[in-house]
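# Secondary and tertiary structure notes
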Amino acid sequence: MIDERAYELLCCQLGLANEEKVGLRKQVNELISRLKAIEESYK
């Protein structure tokens, strides 16, 4: 019983971590795009 609860909690935490990773990856990609646009404007 305890093992099942621990497993469910771990799965939940893993899901949340993956969602956060997706959000952070999106932010990084947006920042890279902005940086590239700034670099192009100086050329």
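Refer to the preceding data block for the structure.
As the structure is a computational prediction, the values presented were derived from the model and not from experiment.

### A short note on the overall build of the chain
- Of the regular secondary structure elements, the chain holds one helix and zero strands.
- For the chain, the spread of C-alpha atoms along the three principal axes comes to 65 × 10 × 5 Å.
- In the structure as shown, the chain presents an accessible area of about 4400 Å², 60% of it carried by carbon and sulfur atoms.
- Mean positive and mean negative side-chain charge positions of the chain (7 and 8 charges, respectively) differ by 9 Å.

### A short note on the pattern of salt bridges
- Scanning the entire structure with this criterion turns up one salt bridge.
- Here Lys43 and Glu40 are joined by a salt bridge, their closest N and O atoms 3.7 Å apart. Across the pair, Glu40 and Lys43 agree in class, each one exposed.

### A short note on the environment of Lys36
- Here Lys36 is to be found in helix H1 (residues 2-41).
- Along the sequence, Lys36 and Gly15 sit 21 residues apart, while their C-alpha atoms lie 32 Å from each other.

### Side note on the state of the cysteines
- If you walk through the whole model with that rule in mind, you get zero disulfides.
- Take Cys11: it sits in no disulfide, and the sulfur closest to it among the cysteines is that of Cys12, at 8.8 Å.

Cut-offs used in this document
Residues numbered from 1 in each chain as written. Predicted model: local features only at pLDDT ≥ 70, side-chain atom pairs only at ≥ 80, totals over all residues. Heavy atoms only, no water. Helix = DSSP H or I, 4+ residues; strand = E, 2+ residues; numbered from the N terminus. Areas by Shrake-Rupley, 256 points an atom, 1.4 Å probe, with all protein chains shown as cover. Lys, Arg positive; Asp, Glu negative; His and termini not counted. Charge placed at Lys NZ, Arg CZ, Asp CG, Glu CD. Salt bridge = Lys/Arg side-chain N within 4 Å of Asp/Glu carboxyl O. Buried < 20%, exposed > 50% of the residue type's maximum accessible area, 1.4 Å probe, protein only. Disulfide = S-S within 2.5 Å.

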